[in-house]
Amino acid sequence: LSEVVLEAKRSFRTEPNHIPFPLAQTKTAVLSMPSFKKYSRKFIGIPVFLAGVATVLCLLLAHHHEKLSSTPAMTRSITSPLHPQMTLLPHCAIDNSKITLSNVERQRIFTHSSVVRQLRVKATDKDEIQRHANEVLESNRMLIAPAIQTANLAMLGPEIDKAIAGGADVVHCDIMDGHFTEKLTFGPMFVKALRKYGITAPIDVHIMADDIVDHLIQEFADAGANYITFHPEGVKHVDRSLSLVKANGLKCGLVINPGTPLSVLDHVMDKVDIILLMSVNPGFKDQGFQDITYKKAQDIKKKIDQSGRKIRLEVDGRVGNKNIFALAQSGIDMFVVGGSIFKSDDYGKVISELRGMAQNAVGVAAV
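Computed from a predicted structure; not experimentally measured.

**Some details on the overall build of the chain**
Of regular secondary structure, the chain possesses 12 helices and 12 strands. For the chain, buried positions account for 46% of its 367 residues. Partitioning the intrachain contacts of the chain with sequence separation of at least 6 by distance along the chain shows that 62% fall at a separation of at least 24. With an accessible surface of roughly 19,200 Å², the chain has 56% of that area assigned to carbon and sulfur atoms.

Written as structure tokens, this is what we have:
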């Protein structure tokens, strides 16, 4: 096209009334001298403009690539002030003492049994995630499990990232069906989405449902849960439902409401890995912490000791710095904490303080 236009311009200079052969073959009208100048500028300008745009884009891409290549994976290596034995994650942006994880590479650092272990796995590697979740549960560490329903659900992935980076051990999901409880919360798709996002921390699923518990157990197992607890009041056969969780390779447990008799545990202590003690009634708002929880925790702890098995005693409901010391003294070693973490300005500080109080209550050294 450029050659045709140049030939046409030369022809018009010598023979203004002559149209070159290539243009004469078109079915367009004969162009006058002024109109031809207009079209020649247009046709020449388009390829020149496109070439210029392509050149600029190539230069920008080359500059961006050079910048990425020259940027180190971690500009500085620092130690967490909350956990001196734990190095903060690579690929973190440190801004005003706040930790923001990038999507460059999902890494989780877990600390337990006096061992600092860096777990680098794909979120789809269920076997490795479950192995690590088992190690966390079997450790001697006081476990802090943030309850995600109190987080900013529009930013759930980054919220959990910040909690884990701040020292949280387990992600706790309260599953309410709107029948067993008044509230309706999450389904298996939330757990699946967290795994797809890149969360590799243990996920603790507490099912509050009627009739469909066995169905939900399978759904949450497929979605990526590691621990599943449920209420004996919500199932027809407690033993069978516990066995279903076990059959999926997960850790199982029962939930004890304030009014649930402890005798329900008598014949399943050989199966449960977790006993979740509710210090409030599930699914109801504006409840206060029930002081009977301390006595029930002590009684359950005796059953655990008599069983000779490593069973976690977990508590859920209004847990915070006002009662975590006494709860730990009563035998509890896994704490579900909601608003105290996610409504604070510094997740790591709150988690560290809560764990420190629980450890001091039983004289457990920080690990």
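**As for the packing of helix H5 (residues 156–165) against helix H6 (residues 188–197)**
Running from amino to carboxyl end, H5 crosses H6 at an angle of 70°, the nearest separation of the two axes being 10 Å. Looking at the two axes, H5 sits roughly perpendicular to H6. Crossing of H5 against H6: the hand is right-handed. Here H5 contributes Leu 156, Gly 157, Pro 158, Ile 160 and Asp 161 to the contact with H6, which in turn contributes Phe 190, Leu 194 and Tyr 197. Residue classes in the contact of H5 with H6 are distributed as six nonpolar, one polar and one charged.

**Some thoughts on the nonpolar core**
The tendency in soluble globular proteins is for nonpolar side chains to be buried side by side. Formed by 67 residues in total, the largest nonpolar core has its most connected members in Val 171, Val 205, Ile 207, Phe 220, Ile 228, Ile 275 and Phe 335. Discounting residues that sit within four places of it in the chain, Val 171 has contacts with Pro 146, Ile 148, Ile 160, Ile 164, Ile 199, Ala 201, Pro 202, Ile 203 and Asp 204. Counting 11 residues, the second-largest nonpolar core is a separate cluster that includes Ala 133, Leu 137, Ala 147 and Met 334.

**Here's the deal with the pattern of salt bridges**
Under the counting rule described, the total for this entry stands at 13 salt bridges. Of the charged contacts in the structure, one is a salt bridge between Asp 273 and Arg 309, with a shortest N-O distance of 3.5 Å. Pair noted here: Asp 273 is in the loop between strand S9 (251–256) and strand S10 (274–278) and Arg 309 is in the loop between helix H9 (292–307) and strand S11 (312–316), with a separation of 36 residues, a long-range link. Here Asp 273 falls in the buried class, since its relative accessible area comes to 5%. By relative accessible area, Arg 309 is classed as partly exposed at 28%. Two residues, Asp 299 and Lys 295, come together in a salt bridge whose shortest N-O distance is 2.8 Å. Remark: Lys 295 and Asp 299 occur in helix H9; sequence separation between them is four residues, near one turn of the helix.

**With respect to H6**
When H6 is considered as a whole, its buried residues turn out to be Pro 188, Val 191, Leu 194 and Arg 195. Considered in projection along H6, the buried side chains sweep an arc of 125° and stay on one side of the axis. Opposite the buried face of H6, by more than 90 degrees, sit the exposed residues Met 189 and Lys 196. Note on H6: the residue one or two positions beyond its end, Gly 198, has a positive phi of about 125°.

**Side note on the packing of H6 against helix H7 (residues 213–223)**
Helix packing for two helices is described by the angle between their axes and how far apart those axes are. As a packed pair, H6 and H7 sit with axes 8 Å apart at the nearest point and diverge in direction by 10°. When the interaxial angle is binned, H6 and H7 end up roughly parallel. Two secondary-structure elements touch here, H6 through Pro 188, Val 191, Lys 192 and Arg 195 and H7 through Glu 219, Phe 220 and Ala 223. Residue composition of the contact of H6 with H7, by class: four nonpolar, no polar and three charged.

**Quick notes on the environment of Val 245**
For Val 245, the position within the fold is in helix H8 (residues 238–247). Assessed through its relative accessible area of 0%, Val 245 is described here as buried. For Val 245, the residues in contact, after removing those within four places along its chain, are Ile 217, Ile 228, Leu 250, Lys 251 and Cys 252.

**So, the environment of Glu 128**
Mapped onto the elements, Glu 128 comes out in helix H4 (residues 126–138). The class for Glu 128 is buried, based on a relative accessible area of 13%. With 72 residues separating them in the primary sequence, Glu 128 and Thr 200 have C-alpha atoms 9.4 Å apart.

**As for the sheet that holds S11**
A sheet is described by the order of its strands in space; here eight strands give the open sequence S5-S12-S11-S10-S9-S8-S7-S6, paired in parallel fashion. Strands with a single pairing partner mark the edges of an open sheet, and in this sheet they are strand S5 (143–146) and strand S6 (171–176). Between one strand and the next, the sheet's axes are offset by a mean angle of 25°, whatever the strand orientation. In this sheet, S10 lies alongside S9 in parallel orientation, the contact comprising four bridges. Its bridge partner lying in S10, Val 255 is registered against Leu 276. Against the sheet, H4 contacts S5, strand S8 (227–230), S9, S10, S11 and strand S12 (334–337), and its axis sits at roughly 50° relative to S9. Those strands touched by H8 are S8 and S9, and its axis lies near 145° from that of S9.

**Digging into the side chain of Asp 316**
Position of Asp 316 relative to the elements: it lies in strand S11. An unpaired buried charge is present at Asp 316: no salt bridge exists, and Arg 318, the closest side chain of opposite charge, is 9.4 Å distant. Within the local environment of Asp 316, its side chain forms a polar contact with the side chain of His 172, the two groups lying 3.5 Å apart. Not counting the four nearest positions on each side in its chain, Asp 316 is found in contact with His 172, Asp 174, His 206, Leu 276, Leu 277, Met 278, Ser 279, Val 280 and Val 336.

Conventions used here
- Residues numbered from 1 in each chain as written.
- Predicted model: local features only at pLDDT ≥ 70, side-chain atom pairs only at ≥ 80, totals over all residues.
- Heavy atoms only, no water.
- Helix = DSSP H or I, 4+ residues; strand = E, 2+ residues; numbered from the N terminus.
- Buried < 20%, exposed > 50% of the residue type's maximum accessible area, 1.4 Å probe, protein only.
- Contact = heavy atoms within 4.5 Å.
- Areas by Shrake-Rupley, 256 points an atom, 1.4 Å probe, with all protein chains shown as cover.
- Axes fitted to C-alpha atoms, helices over the stretch in contact; angles between N-to-C directions.
- Parallel < 35°, antiparallel > 145°, perpendicular 65-115°, else oblique.
- Left-handed = near helix turned anticlockwise from the far one by under 90°.
- Nonpolar A, V, L, I, M, F, W, Y, C, P; charged D, E, K, R; others polar.
- Core = buried A, V, L, I, M, F, W, Y, C linked by side-chain atoms within 4.5 Å.
- Salt bridge = Lys/Arg side-chain N within 4 Å of Asp/Glu carboxyl O.
- Arc of directions from axis to C-beta.
- Pairing = 2+ DSSP bridges.
- Lys, Arg positive; Asp, Glu negative; His and termini not counted.
- Polar contact = N/O pair within 3.5 Å; in protein donor to acceptor, adjacent residues only side chain to side chain.

That is the geometry; function is a separate question.
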